[in-house]
Amino acid sequence: KMEKGVLELLMAYPWPGNVRELENTLVEAMVRARGGMITKDTVRGLLGQQREHTADKRGLSKLELVEREHILEILNSVSFNRKKASEILGISLPTLRSKIKKYGIKGP
């Protein structure tokens, strides 16, 4: 749920980081939501905020870190069988290979 005015606030922002910045902002707002409600104050505090503190040494955002861990968990559950993992994740094998490379995931 969003407090009245949050959508207008999001639509008025120029989004210099494009869709990735929007996505990261919404994920962070959901994490910070109290009682399941995203407030204008929370969103205002996130808009334009430098994301240096949200990146790890590989330069990954919080969302990317979550995705990396999820992919790694699935790969481990299927003994690194990439075909099975791609099916479980609902992505193509080339996409999985790309993400494995991007996130520096190493097999057993």
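First, a word on scope: everything that follows refers to the structure included in this document. (Residues numbered from 1 in each chain as written. Predicted model: local features only at pLDDT ≥ 70, side-chain atom pairs only at ≥ 80, totals over all residues. Heavy atoms only, no water.)

**Remarks on helix α4 (residues 62-77)**
The condition is simple: Helix and strand definitions here come from DSSP, where helices need a minimum of 4 consecutive H or I residues and strands a minimum of 2 consecutive E residues; each element is numbered from the N-terminal end. Given the number of residues in a helix, its expected span is that number minus one, multiplied by 1.5 Å. For each residue, the accessible area found with a 1.4 Å probe, counting protein chains only, is set against the maximum for its type, and the residue is called buried under 20%, exposed over 50%, and partly exposed in between. By definition, the arc is the one covered by directions from the helix axis to the C-beta atoms. Two residues qualify as a contact provided that any one of their heavy atoms is within 4.5 Å of a heavy atom in the partner residue.
Counted at 1.5 Å a residue, the expected span for α4 with its 16 residues is 22 Å, and the 23 Å between its end C-alpha atoms agrees. Taken as a whole, α4 has its buried residues at Glu-64, Arg-68, Ile-71, Leu-72, Ile-74 and Leu-75. For α4, the buried positions fall inside an angular range of 165° around the axis, keeping them on one side. Residues of α4 that are exposed and point over 90 degrees away from its buried face: Val-66, Glu-73 and Ser-77. Of the surrounding elements, those touching the buried residues of α4 are α2 (18-32), α5 (82-89) and α6 (93-103).

**Notes on α2**
Think of an α-helix as 3.6 residues a turn; residues three or four steps apart then line up on the same face. Taking 1.5 Å of rise per residue, the 15 residues of α2 would be expected to cover 21 Å, and the 21 Å separating its terminal C-alpha atoms lies within 8% of that figure. For α2, the full list of buried residues reads Glu-21, Asn-24, Thr-25, Glu-28 and Ala-29. Within α2, the buried residues cover an arc of 135° as seen down the axis, which keeps them to one side. Turned more than 90 degrees away from the buried face of α2, the exposed residues are Val-19 and Met-30. Tucked into the core, α2 has its buried residues touching α3 (40-46) and α4.

**Points about the environment of Arg-20**
Test applied: Definition of a polar contact: a pair of N or O atoms within 3.5 Å, with one able to donate and the other able to accept a hydrogen when the atoms are protein atoms, and with sequence-neighbouring residues admitted only if both atoms are side-chain atoms.
If you trace the backbone, Arg-20 turns up in helix α2. For Arg-20, a relative accessible area of 48% gives the class partly exposed. For the pair Arg-20 and Leu-63, spaced 43 residues apart in the sequence, the C-alpha separation amounts to 9.4 Å. Among residues more than four places away in sequence, those in contact with Arg-20 are Glu-64 and Lys-102. Side-chain polar atoms of Arg-20 contact the side chain of Glu-64, separated by 3.1 Å.

**What about the nonpolar core?**
Formally: Only buried residues count toward a nonpolar core. Its members are Ala, Val, Leu, Ile, Met, Phe, Trp, Tyr and Cys residues joined through side-chain atoms within 4.5 Å.
Listed in full, the 12 residues of the largest apolar core are Ile-71, Leu-72, Ile-74, Leu-75, Val-78, Phe-80, Ala-85, Leu-89, Leu-96, Ile-100, Tyr-103 and Ile-105. Where this core is concerned, the elements lending two or more residues are α4, α5 and α6. When residues in this core are grouped by element, the largest group, 4 residues, is from α4. Discounting residues that sit within four places of it in the chain, Ala-85 has contacts with Ile-74, Leu-75, Val-78 and Leu-96. Grouped together as the second largest cluster of nonpolar side chains are 9 residues, Val-6, Tyr-13, Ala-29 and Ile-38 included.

**Section: a nonpolar patch on the surface**
For the record, the criterion: Grouping into patches uses exposed residues only, defined as over 30% relative accessible area, and leaves out salt-bridged ones; the cut-off is 9 Å for like charges and 5 Å for nonpolar side chains (Val, Leu, Ile, Met, Phe, Trp, Tyr). Residue burial considers only the protein chains on display, and all accessible areas are found by Shrake-Rupley using a 1.4 Å probe. Salt bridges are defined by distance alone: a side-chain nitrogen of Lys or Arg within 4 Å of a carboxyl oxygen of Asp or Glu.
A contiguous nonpolar surface patch, about 330 Å² in accessible area, is contributed by Met-2, Leu-7 and Met-11. Examined against the element boundaries, Leu-7 turns out to sit in helix α1 (residues 6-12). Its relative accessible area of 47% is what places Leu-7 among the partly exposed residues.

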